[in-house]
Amino acid sequence: MNKKAQLGSSVITMYRVLVIIIISVVILGVSSIVYSHHINIRDSEAMILVREISGCVIKEAVVDLGKLKVEEDIFEYCGYEEEEMERFFVSVKVEIDGSEVFEIEGGDSGSLWVRDIFKNAAATKDIKKYEPGNFVKWYSVSVLDGEVEKDGKVIVEVVANVE
Amino acid sequence: MGFVIHGKVSRLKMDKKGELLNQVIIQIILVVLVFSVFLMMTADKINARGVRQQVVERELALLIDSAVPGMSFAVWKTNMNGIISDVAIKDGRVFVALEGLGALNGYAFFSKYDVSVIEEDDKFVVVIK
């Protein structure tokens, strides 16, 4: 066999090996995407954050509106850094006799419409893994507004987004 | 003369066959190499080391999130999810290296307290201050 022919067959060999490598990588890539497993703990995170925020807002079953009204952001009020809470949305509503008297929020309220999409069962299996964690809890409390103390309700909601 | 020519021809044929055999052997070795790497990577996927790493990271993140100052908890190096070689806290994220698989992204936690990790002989102790 002359040198040219040898070179030609080597090129063909390399080409075949390259094709095998490409096929292997494609199979591995596709299987990685198809069989990838996402562990979703966002609901648990939302539950924990609701508990933390409630503990921060409600002291001995009393909500002091005087203190809450001074703050604009619930994260700041509870001592959380804004950067750490980027994927969370928190809403705290205070009600007296069924009507809302005060609301304080923290985080991106845009998370709410993402939550609504998933609540409306519009989500397909493909996007289900991006479903945000959501937890709402309400507490019967005494609401202290200045000198006046009334029976009321605090509703705390957390939406935990994908990282 | 005819005999000599016949000898040359058969030798040429043998040389060609030898070269062809060499090429086939090299090809087979390369294909086996590529497929063994492929199978090793697939076995790693089936072994689900990455999933077990995710489990440990998320469990730790939830524990940190729900912990209050003064609490500490131990993560045994010989864990039911595998052998944990490292646990690290960096930029509000927990990183777990499992069976030589280093943590790339980790998992974010939102605790407002100081979190640190102390390595001991057989465990990692996560301390909340």
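Scroll up a little and you will see the structure.
Residues numbered from 1 in each chain as written. Chains lettered and ligands numbered in written order. Predicted model: local features only at pLDDT ≥ 70, side-chain atom pairs only at ≥ 80, totals over all residues. Heavy atoms only, no water.

1. Side note on the overall build of chain A
Next up, step 1: Helix and strand content of chain A: 6 helices and 6 strands.
Next up, step 2: Its helices and strands taken in sequence order, chain A reads α-α-β-β-α-α-β-β-α-α-β-β from the N to the C terminus.
Next up, step 3: Scaling as 2.2 N^0.38, a compact globule of 163 residues should have a C-alpha radius of gyration of about 15 Å, whereas chain A reaches 27 Å, well beyond that.
Next up, step 4: Seen through its C-alpha atoms, chain A measures out along the principal axes to roughly 105 × 30 × 20 Å.
Next up, step 5: For chain A, the proportion of its 163 residues judged to be buried stands at 37%.
Next up, step 6: Expressed as a percentage of contacts within chain A between residues at least 6 apart in sequence, the contacts between residues at least 24 apart total 61%.
Next up, step 7: For chain A, the accessible area works out to roughly 9900 Å², and carbon and sulfur atoms hold 56% of it. (Helix = DSSP H or I, 4+ residues; strand = E, 2+ residues; numbered from the N terminus. Rg over C-alpha atoms; globule rule 2.2 N^0.38 Å. Buried < 20%, exposed > 50% of the residue type's maximum accessible area, 1.4 Å probe, protein only. Contact = heavy atoms within 4.5 Å. Areas by Shrake-Rupley, 256 points an atom, 1.4 Å probe, with all protein chains shown as cover.)

2. With respect to the pattern of salt bridges
Next up, step 1: On inspection of all chains with the given rule, the structure shows 9 salt bridges over all chains.
Next up, step 2: Because the salt bridges share partners, they merge into one network encompassing A:Arg115, A:Asp116 and A:Glu157. (Salt bridge = Lys/Arg side-chain N within 4 Å of Asp/Glu carboxyl O.)

3. Details of the state of the cysteines
All names here are of chain A.
Next up, step 1: Summed over the entire model, instances satisfying the criterion amount to 1 disulfide over all chains.
Next up, step 2: Covalent S-S linkage joins Cys-56 and Cys-78, the inter-sulfur distance amounting to 2.0 Å. Here Cys-56 and Cys-78 share a disulfide; its torsion about the S-S bond, -90 degrees, makes the bridge left-handed. Residue Cys-56 is found in helix α2 (residues 42-57), and its partner Cys-78 is found in helix α4 (residues 74-78); the two are separated by 22 residues along the sequence. (Disulfide = S-S within 2.5 Å.)

4. Quick notes on the interface of chain B and chain A
Next up, step 1: Contact residues are listed per partner, giving 26 residues for chain B and 30 residues for chain A.
Next up, step 2: Of the roughly 2700 Å² buried at the junction of chain B and chain A (both faces included), carbon and sulfur atoms supply 64%.
Next up, step 3: Taken together, the connections running from chain B to chain A amount to 0 salt bridges.
Next up, step 4: Seen at the junction of chain B and chain A, the total is 5 residue pairs in polar contact (both at pLDDT 80 or more). (Buried area = accessible area lost by both parts, 1.4 Å probe. Polar contact = N/O pair within 3.5 Å; in protein donor to acceptor, adjacent residues only side chain to side chain.)

5. Observations regarding empty space enclosed by the protein
Next up, step 1: Evaluated as defined, the whole model comprises 1 cavity of 30 Å³ or more.
Next up, step 2: As a volume, the largest cavity reaches approximately 30 Å³.
Next up, step 3: The wall of the largest cavity is formed by A:Glu52, A:Tyr80, B:Asp65, B:Ala67, B:Phe110, B:Ser111, B:Lys112 and B:Tyr113. (1 Å grid on protein atoms, 1.4 Å probe; cavity = no way out; pocket = protein on both sides within 12 Å on 5 of 7 lines; lining within 4 Å. Points joined across faces, edges and corners; volume = space filled by probe spheres on them.)

6. Details of the sheet that holds strand β6 (residues 148-160) of chain A
Residues and elements named next belong to chain A.
Next up, step 1: On the basis of which strands lie adjacent, the open sheet formed by 6 strands has the order β1-β2-β5-β6-β3-β4 and mixed pairing. Since the sheet does not close on itself, it has two edges, and those belong to β1 (58-59) and β4 (99-107), each with one partner.
Next up, step 2: Pairing analysis gives 13 bridges linking strand β5 (residues 133-145) to β6, with the strands arranged antiparallel. The residue bridging Asn-134 from the neighbouring strand is Val-159, located in β6.
Next up, step 3: α2 rests against β1, β2 (62-64), β3 (88-96), β5 and β6 of the sheet, and its axis sits at about 10 degrees to β5. (Pairing = 2+ DSSP bridges. Axes fitted to C-alpha atoms, helices over the stretch in contact; angles between N-to-C directions.)

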